[in-house]
Amino acid sequence: MRSSLLHFIQRGPTLLALGVLLGLAFPALADLARPLMPTTIFLIVLGTLLRIDSQAVVATLRRPSLSVLLPAVVMVACPLVIGVAGHALNLGPEIALAAVLAVSAPPSSGTAAVARMLGLDGAVPLVVTVLSMVLAPVTVPLLAGWFGGLEISALELALRLALLIGGAEGVAFLVRRHAAPVLAAHGGMVDGIIVAALLVFAVATMADIRAQIAADVQAATLCLGLAFACNIALQTAGVVLLPGNLSQRLTVGLILGNRNVGLVWSALGAAASPRMALYFAATQFPIYLLPRLIETLIGRNNGKAKP
């Protein structure tokens, strides 16, 4: 049983890619999984909080470069860079705005879990994600108004984020306080639940995507290409431009590239045009397909490092 669970966890990046493909190939399955999205997000955040060493989190918080500078880069610098690039490339106004808003979102809730799957540091993505969510009610409405004249309720966004993070932190605190020995003995089970939740979420993100692609193949191709380009560019910037060893730089790359686009999407509501919605949906593909590529690159690098 334990070996089967370990094998399941180790196949995490492959399962994420499989989840996206399953959701795309079987729309009924994606529609079935869609109502479970809020629950899976909560489980991902809760599981990550349970499995991350609290001392590592405190150590990260004490480093201004990670607890102050990096969240500012994530929430302010990256959207501004994408906005300037979109203007320089003469993208259509809807697509350019969608790209900016997607990158204005805080890091994906599953980034810390994906980092741990890849053998990277999960504490840094967790800390940066939480701090970015604190900034989001200020930065996201400002960027939406600045680049597109759109109005997003800062209060509604703040309440939604507070419910997600506060609820998960509260449950994690109770579990650590009253069931620490059980948690220590069954940590692998928690990891398995995180992977399963990520898999279900990946399937659910593909709801309605097949129909949108069929409705406008040319627009879908443009959105998909741009979504991959933005994600890869941001991850590459994190790897190439920032200091640290390869693992640290890959971790920062994940933080910069993978965003909780659904948060901004839901906050926009009816203000999101069909073309913007198509781009938001396209951003899910690199989030769930690229970790498999990163896993391969890490494996090759480790192989070269061996004597």
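Remember, it's a predicted structure, so these values are computed and weren't measured experimentally.

### A look at the overall build of the chain
Reasoning step 1: Counting its secondary structure elements, the chain contains 18 helices and zero strands.
Reasoning step 2: The globule rule puts the C-alpha radius of gyration for 307 residues at 19 Å, and the 19 Å found for the chain is close to it.
Reasoning step 3: Projecting the C-alpha coordinates of the chain onto the three principal axes gives extents of approximately 55 × 45 × 45 Å.
Reasoning step 4: With 307 residues in all, the chain has 49% of them scored as buried.
Reasoning step 5: Sequence separation of 24 or more characterises 84% of the internal contacts of the chain that already satisfy a separation of 6 or more.
Reasoning step 6: Of the roughly 14,600 Å² of accessible surface on the chain, a fraction of 69% belongs to carbon and sulfur atoms.
Reasoning step 7: Each charge class in the chain was averaged separately, 18 positive and 11 negative side chains, and the resulting centres sit 13 Å apart.

### Observations regarding the packing of helix H14 (residues 217-241) against helix H15 (residues 246-257)
Reasoning step 1: Remark: H14 packs on H15, axes separated minimally by 7 Å, with the N-to-C direction vectors making an angle of 150°. Crossing angle aside, the handedness with which H14 passes H15 is right-handed. Side by side, H14 and H15 meet where Asn231, Leu234, Gln235, Gly238 and Val239 of the first sit next to Leu246, Arg249, Leu250, Val252, Gly253, Leu254, Leu256 and Gly257 of the second.
Reasoning step 2: When grouped by side-chain class, the residues that make up the contact of H14 with H15 number seven nonpolar, five polar and one charged.

### With respect to a nonpolar patch on the surface
Reasoning step 1: A contiguous nonpolar patch, built from Phe26, Leu29 and Leu32 and spanning about 320 Å² of accessible area, is present on the exposed surface.
Reasoning step 2: With respect to the helices and strands, the residue leucine 29 is situated in helix H3 (residues 27-33).
Reasoning step 3: The class of leucine 29 is partly exposed, set by a relative accessible area of 39%.

### So, the packing of H14 against helix H17 (residues 274-282)
Reasoning step 1: Interhelical geometry of H14 versus H17 gives an angle of 50° and a closest axis separation of 8 Å. Between H14 and H17, the interaxial angle falls into the category oblique. Here H14 runs over H17; the crossing is right-handed. Contacts between H14 and H17 involve Ala219, Ala220, Cys223, Leu224, Leu226, Ala227 and Cys230 on the former and, on the latter, Arg275, Leu278, Tyr279 and Ala282.
Reasoning step 2: Residues of the contact of H14 with H17, tallied by class, amount to 10 nonpolar, no polar and one charged.

### Description of the pattern of salt bridges
Reasoning step 1: Applying the stated criterion to the full structure yields four salt bridges.
Reasoning step 2: One salt bridge in this structure joins glutamate 156 and arginine 160, with 2.7 Å as the shortest N-O distance. Taken together, the positions of glutamate 156 and arginine 160, both in helix H10 (residues 154-178) and four residues apart, correspond to about one turn of that helix.
Reasoning step 3: On the basis of relative accessible area, glutamate 156 is assigned to the partly exposed category, the value being 40%.
Reasoning step 4: Among the ionic pairs, aspartate 216 bridges to arginine 275, the shortest N-O distance being 3.8 Å. One end of the pair, aspartate 216, is in the loop between helix H13 (209-215) and H14; the other, arginine 275, is in helix H17, with 59 residues separating them in the sequence.
Reasoning step 5: On the basis of relative accessibility, which here comes to 31%, the residue aspartate 216 falls in the partly exposed class.
Reasoning step 6: Arginine 275 gets classed as partly exposed once you look at its relative accessible area, which sits at 29%.

### Structural notes on the packing of aromatic side chains
Reasoning step 1: Counting across every chain of the model gives three aromatic pairs.
Reasoning step 2: Their ring planes at 40° and their centres at 5.3 Å tell us that tryptophan 146 and phenylalanine 147 sit as a pair that is tilted.
Reasoning step 3: For tryptophan 146, a relative accessible area of 64% translates into the label exposed.
Reasoning step 4: Given a relative accessible area of 33%, phenylalanine 147 falls into the partly exposed group.

### A few points about the nonpolar core
As a rule of thumb, soluble globular proteins bury nonpolar side chains together.
Reasoning step 1: Judged by nonpolar contacts, the single largest core of 97 residues is most densely connected at Leu70, Leu101, Leu198, Leu268, Met276, Tyr279 and Phe280.
Reasoning step 2: Sorting elements by how many residues they give to this core places helix H12 (residues 187-204) first, with 10 residues.
Reasoning step 3: Beyond its immediate stretch of four places on either side in the chain, methionine 276 contacts Glu94, Leu97, Ala98, Leu101, Leu150, Leu268 and Ala271.

### Concerning unusual backbone geometry
Reasoning step 1: With phi around 55°, asparagine 90 is a residue other than glycine that occupies positive phi space.
Reasoning step 2: Inspection of the secondary structure puts asparagine 90 in the loop between helix H6 (64-88) and helix H7 (93-104).
Reasoning step 3: Judged by its relative accessible area of 67%, asparagine 90 is exposed.
Reasoning step 4: Its identity is not glycine, yet aspartate 208 carries a phi of approximately 70°, on the positive side.
Reasoning step 5: Its location among the elements puts aspartate 208 in the loop between H12 and H13.

### Considering the side chain of glutamine 284
Reasoning step 1: Residue position: glutamine 284 is located in helix H18 (residues 284-305).
Reasoning step 2: By relative accessible area, which is 8% here, glutamine 284 ends up buried.
Reasoning step 3: Aside from chain neighbours lying at most four places away, what touches glutamine 284 is Phe201, Thr205, Met206 and Val261.

Reading guide: rules and limits
Residues numbered from 1 in each chain as written. Predicted model: local features only at pLDDT ≥ 70, side-chain atom pairs only at ≥ 80, totals over all residues. Heavy atoms only, no water. Helix = DSSP H or I, 4+ residues; strand = E, 2+ residues; numbered from the N terminus. Rg over C-alpha atoms; globule rule 2.2 N^0.38 Å. Buried < 20%, exposed > 50% of the residue type's maximum accessible area, 1.4 Å probe, protein only. Contact = heavy atoms within 4.5 Å. Areas by Shrake-Rupley, 256 points an atom, 1.4 Å probe, with all protein chains shown as cover. Lys, Arg positive; Asp, Glu negative; His and termini not counted. Charge placed at Lys NZ, Arg CZ, Asp CG, Glu CD. Axes fitted to C-alpha atoms, helices over the stretch in contact; angles between N-to-C directions. Left-handed = near helix turned anticlockwise from the far one by under 90°. Nonpolar A, V, L, I, M, F, W, Y, C, P; charged D, E, K, R; others polar. Patch = residues over 30% accessible without salt bridge, like charges linked within 9 Å, V, L, I, M, F, W, Y side chains within 5 Å. Salt bridge = Lys/Arg side-chain N within 4 Å of Asp/Glu carboxyl O. Parallel < 35°, antiparallel > 145°, perpendicular 65-115°, else oblique. Phe/Tyr/Trp six-rings, centres within 6.5 Å; stacked < 30°, edge-to-face > 60°. Core = buried A, V, L, I, M, F, W, Y, C linked by side-chain atoms within 4.5 Å.

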